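# What the coordinates show
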Amino acid sequence: MIEIDYIDSHSGGEPTRVVLSPLPGMAPGTLQQRRAALLRDHDRWRSMIACEPRGSDTMVGALLLPPEQPDSVAAVIFFNNVGTLGMCGHGTIGLVRTLAHLGRIGPGRHAIDTPVGTVSAQLHADGRVSIDNVASHRSQRQVAVEVPGHGTVRGDVAWGGNWFFISSDTPLPLRLTHWRELTRYTAAIRDALASAGIRGDAGAEIDHIELNAAPLDAANDARNFVLCPGLAYDRSPCGTGLSAKLACLAADGALAAGQVLRMESVIGSVFEGSFTPGDAGRVLPRITGRAHLSAQGRLLVEADDPFAWGIAAP
Ligand code: PYC
């Protein structure tokens, strides 16, 4: 029987499953090499942990690894129901909460290595977590794409640790009651971007689609709906999506350095974001949110279970 220990948390409603046990067979290497190896050689571990029957389309796994950099406390590779992620804001907030629960860190600043760079996390005494994310930037401004059934949709292409298309064109209010229609709409945008050959820098696939609108709660500045690569919508305001949005606002001169933007998700959870200017037109985003622990356990793999390695999407 294979046994894998984990701790679950959620950050603003979006789940993170921190995998504590080493995955058998994972060779050493840089985080980028190990991210590639997880997909290429050990993908069944990803689907076993993140997919049904143990996980769900919304589950983000966080494979906890020894640090790569001398000053870091940990390294992590994030993954979901269809693949791996470069960075994950809500997942890093969940990871920090989990490391604190395990007694491995206390309040203060901690460096965490990810495949797209080292991020700094600050655990506040009140339990909030701030992430100094990787440098973020807007790559293309107000690109037009023809979306079948919806006409021309315009949006920015931006990097915040993952690639995003960010649009204010939405056929429906960003309310939870419309999640199915919003999912279909954003999935159609993603397909249209791919068909039109609209990509991020160096030909990277744009696999996250973010819609923005006015907030429902007057205490906040904006509301979003974010489609993740596996076609689940982010229950949280999406840390990397907020980072990409900050880069766009900075490029438009619509948000000053240090000014706080309160972004609410489609379920009403809130992350705060701000930035400091970086090099070459990039911004250094700071995302603040909170995670709560939700489960601790051991995944079991029985040799004769036909669905032991997860139910993969066709
Ligand atoms: O918070 O960055 C994030 C994220 C990415 C995918 C789901 N959540």
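Residues numbered from 1 in each chain as written. Predicted model: local features only at pLDDT ≥ 70, side-chain atom pairs only at ≥ 80, totals over all residues. Heavy atoms only, no water.

## Concerning helix α3 (residues 89-101)
Spanning 13 residues, α3 covers 19 Å between terminal C-alpha atoms, matching the ideal 18 Å at 1.5 Å per step. Of all 13 residues that make up α3, 10 are buried, and the element is covered over most of its length. For α3, the complete set of buried residues consists of Gly89, His90, Gly91, Thr92, Ile93, Gly94, Leu95, Val96, Thr98 and Leu99. Looking one or two residues beyond α3, the residue adopting positive phi is Gly103, at roughly 80°. (Helix = DSSP H or I, 4+ residues; strand = E, 2+ residues; numbered from the N terminus. Expected span 1.5 Å × (residues − 1). Buried < 20%, exposed > 50% of the residue type's maximum accessible area, 1.4 Å probe, protein only.)

## Looking at the pairing of strand β11 (residues 163-167)
Across the five residues of β11, five count as buried, placing the element largely inside the fold. Both faces of β11 are covered, namely the face carrying Trp163, Phe165 and Ser167 and the face carrying Phe164 and Ile166. Relative to β11, strand β10 (residues 151-159) is paired through four bridges, and the arrangement is antiparallel. Paired with Ala158 across the bridge in β11 is Phe164. With antiparallel pairing between neighbouring strands as the criterion, β10 and β11 make up a hairpin whose turn holds three residues, including Gly161 at a positive phi of roughly 110°. Taking the sense of rotation as the criterion, the β-α-β connection linking β11, helix α4 (residues 179-195) and strand β12 (residues 208-213) turns out right-handed. (Pairing = 2+ DSSP bridges. Right-handed = clockwise from strand over helix to strand, strands pointing away.)

## Examining α4
In this model, α4 (17 residues) spans 24 Å end to end at C-alpha, consistent with the 24 Å of a helix rising 1.5 Å per residue. Buried within α4 we find Leu182, Thr183, Tyr185, Thr186, Ala187, Ile189, Arg190, Ala192 and Leu193. Following α4 by one or two positions, Gly197 has its phi on the positive side, about 70°.

## With respect to the pattern of salt bridges
On inspection of all chains with the given rule, the structure shows 13 salt bridges. For Arg109, the salt bridge is made with Asp132, and the minimal N-O distance between the two is 2.9 Å. Of this pair, Arg109 sits in strand β6 (residues 108-114) while Asp132 sits in strand β8 (residues 129-132), placing them 23 residues apart in sequence. The exposure class assigned to Asp132 is partly exposed, which follows from its relative accessible area of 23%. The network of salt bridges with common partners includes Arg138, Arg141, Asp156 and Asp252. (Salt bridge = Lys/Arg side-chain N within 4 Å of Asp/Glu carboxyl O.)

## Side note on the site of the ligand
Lining the immediate environment of the ligand, one finds Glu14, Cys88, Gly89, His90, His208, Cys228, Asp234, Cys238, Gly239 and Thr240. At 2.7 Å, a backbone N or O of Gly89 approaches an oxygen atom of the ligand. Interatomic distance of 2.8 Å between a backbone N/O atom of His90 and an oxygen atom of the ligand. The protein chains hide 99% of the 250 Å² of surface that the ligand would expose on its own. Taken together, the elements giving at least two residues each to the shell around the ligand come down to α3 and α5 (239-252). Of the residues contributing to the shell around the ligand, the split by class is three nonpolar, five polar and two charged. (Near = heavy atom within 4 Å. Polar contact = N/O pair within 3.5 Å; in protein donor to acceptor, adjacent residues only side chain to side chain. Areas by Shrake-Rupley, 256 points an atom, 1.4 Å probe, with all protein chains shown as cover. Nonpolar A, V, L, I, M, F, W, Y, C, P; charged D, E, K, R; others polar.)

## A few points about the packing of aromatic side chains
The final tally for this structure, using the stated rule, is four aromatic pairs. Pairing Trp159 with Trp163 gives two aromatic rings, centres 5.5 Å apart and planes at 50°, and the pair type is tilted. Look at Trp159 and you get buried, because its relative accessible area is 17%. The class for Trp163 is buried, based on a relative accessible area of 8%. Relative to Tyr233, the ring of Trp179 has its centre 5.7 Å away and its plane inclined at 40°; by these criteria the two rings are tilted. Residue Trp179 is located in helix α4, and its partner Tyr233 is located in the loop between β13 (222-227) and α5; the two are separated by 54 residues in the primary sequence. (Phe/Tyr/Trp six-rings, centres within 6.5 Å; stacked < 30°, edge-to-face > 60°.)

## Observations regarding the pairing of β10
Relative to β10, strand β9 (residues 137-147) runs antiparallel, the two being bridged by eight bridges. The partner of Val147 across the bridge, within β10, is Gly151.

## Here's the deal with a nonpolar patch on the surface
A contiguous nonpolar patch, built from Leu176, Trp179 and Ile267 and spanning about 240 Å² of accessible area, is present on the exposed surface. Following the sequence through the fold, Ile267 ends up in the loop between β14 (261-264) and β15 (270-277). What makes Ile267 partly exposed here is its relative accessible area of 36%. (Patch = residues over 30% accessible without salt bridge, like charges linked within 9 Å, V, L, I, M, F, W, Y side chains within 5 Å.)

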